[in-house]
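So the chains spell out like this:
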Amino acid sequence: MSDRDERLSVLKTYKLFVGGKFPRSESGRVYEVTDAKDRWLANAPQASRKDARDAVVAARKAFGGWSGATAYNRGQILYRVAEMLEGRREQFVREVADAEGLSKSKAGAQVDAAVDRWVWYAGWSDKVAQIAGSANPVAGPYFNLSSPEPTGVVAVLAPQDSSFLGLVSVIAPAIVTGNTTVVVSSEDRPLPALSLGEVLATSDLPGGVVNVLSGRTAEIAAPLASHQDVNAIDLTGAAPELAAELEAAAAENLKRVVRPQAVDWAADPGTRRMLSFLETKTVWHPMGV
């Protein structure tokens, strides 16, 4: 038997992505992730409520710098992420194929669509103000201008069924406009999301803009929905009963809520998700005579 035959493979260790770093869950817990045929793939960190609160702190800390960056700069950074996703295409194809039980060709199509979707949102960074802002007619010698501003920290429950294309489709529209995010990955298919954290960490994206947690969706989402420093929540990945509970908790502190609904992730995404996490600032300015 050769030395090569005796060699043990190095199994990948997946970790959370919080504040630009890769901590294990503070609870020390992990849970088994299996493929579509119930074969073991990896142990994923099982995030706790404390991990969720830490992620909110990281997102809030990053908000000032990210929202204050120029729209053009945010677009450049998102495009850089797409470049790096393209460079790690084979890894994501393998992870998506395992997670969703797809053939390599179908998984490749999903990954390619996700990269294209990321580039599409990157292009909106310096254009969304054109459709969300306006110059308003008023009765008086004033300029009246409305412009969009980011809502703040957005909690995102990623789709449970679409481990990568759906994931990208809920993260990119939230951050391209200047929000920061705490993302709860698919409970049973978290590996592409955790690998996305590795890409984000080695891109130009500031730490804390995207924070990725894996674990039990209900356990992590509850403290996010009631957290006073989370400004909005996307309930896409919540089951109906859980979504109702989270929406009630979010209403107590006046969060913006995107309710779950059936989505064809391969279809044209439109601008709805970007606009869902924007506030409108209106400024009056005297008109010189």
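Criteria and cut-off values
- Residues numbered from 1 in each chain as written.
- Predicted model: local features only at pLDDT ≥ 70, side-chain atom pairs only at ≥ 80, totals over all residues.
- Heavy atoms only, no water.
- Pairing = 2+ DSSP bridges.
- Helix = DSSP H or I, 4+ residues; strand = E, 2+ residues; numbered from the N terminus.
- Axes fitted to C-alpha atoms, helices over the stretch in contact; angles between N-to-C directions.
- Contact = heavy atoms within 4.5 Å.
- Buried < 20%, exposed > 50% of the residue type's maximum accessible area, 1.4 Å probe, protein only.
- Polar contact = N/O pair within 3.5 Å; in protein donor to acceptor, adjacent residues only side chain to side chain.
- Core = buried A, V, L, I, M, F, W, Y, C linked by side-chain atoms within 4.5 Å.
- Lys, Arg positive; Asp, Glu negative; His and termini not counted.
- Salt bridge = Lys/Arg side-chain N within 4 Å of Asp/Glu carboxyl O.

1. Digging into the sheet that holds strand E7 (residues 210-213)
Here is step 1: Read across the open sheet, the 5 strands follow the order E7-E6-E5-E8-E9; overall the sheet is parallel. Bordering the open sheet on either side are E7 and strand E9 (256-258), each of which pairs with just one other strand. Looking at each pair of strands side by side, their axes are set apart by 15 degrees on average, direction ignored.
Here is step 2: Against the sheet, helix H2 (residues 49-68) contacts strand E5 (153-157), strand E6 (180-184) and E7, and its axis sits at roughly 155 degrees relative to E6.
Here is step 3: Here helix H7 (residues 165-175) sits on the sheet and contacts E5, E6, E7 and strand E8 (232-234); the angle it forms with E6, its principal contact strand, is near 160 degrees.

2. Examining the sheet that holds strand E4 (residues 142-150)
Sheets are built from strands paired through backbone hydrogen bonds, the pairs being either parallel or antiparallel.
Here is step 1: A sheet is described by the order of its strands in space; here 3 strands give the open sequence E3-E4-E10, paired in antiparallel fashion. Because the sheet does not close on itself, it has two edges, and the strands there are strand E3 (134-135) and strand E10 (278-286).
Here is step 2: Where E3 meets E4, 2 bridges bridge the pair, whose relative direction is antiparallel. Bridge assignment links alanine 135 to a residue of E4, and that residue is leucine 145.

3. A short note on the side chain of serine 276
Here is step 1: Mapped onto the secondary structure, serine 276 falls in helix H11 (residues 272-276).
Here is step 2: Given the relative accessible area of 18%, serine 276 is considered buried.
Here is step 3: Side-chain polar atoms of serine 276 contact the backbone oxygen of arginine 272, separated by 2.8 Å.
Here is step 4: Discounting residues that sit within four places of it in the chain, serine 276 has contacts with Arg256 and Val258.

4. Remarks on the nonpolar core
Across soluble globular proteins, you tend to see nonpolar side chains buried next to one another.
Here is step 1: Counting residues in hydrophobic clusters, the biggest one holds 57 residues, and the most contacted among them are Trp118, Phe164, Ile171, Ile175 and Val210.
Here is step 2: Each residue touching phenylalanine 164, except ones within four places of it in the same chain, is listed here: Leu85, Phe92, Val96, Glu100, Val111, Ala114 and Pro192.
Here is step 3: Core analysis: the second largest hydrophobic core is formed by 27 residues, Ala58, Val230, Ala238 and Ala243 among them.

5. With respect to the environment of serine 147
Here is step 1: Topologically, serine 147 is positioned in strand E4.
Here is step 2: For serine 147, a relative accessible area of 29% gives the class partly exposed.
Here is step 3: In this structure the C-alpha to C-alpha distance between serine 147 and isoleucine 131, which are 16 residues apart in sequence, comes to 9.6 Å.
Here is step 4: Setting aside residues up to four positions removed in sequence, serine 147 forms contacts with Gly133, Glu279, Thr280 and Lys281.

6. Comments concerning the side chain of arginine 117
Here is step 1: Residue placement: arginine 117 occurs in helix H5 (residues 104-124).
Here is step 2: Here arginine 117 occupies a buried position and makes no salt bridge, while the nearest side chain of opposite charge, aspartate 268, is found at 6.7 Å.
Here is step 3: In contact with arginine 117, other than residues within four places in its own chain, are Leu165, Val168, Ser169, Trp265, Ala266, Ala267 and Pro269.

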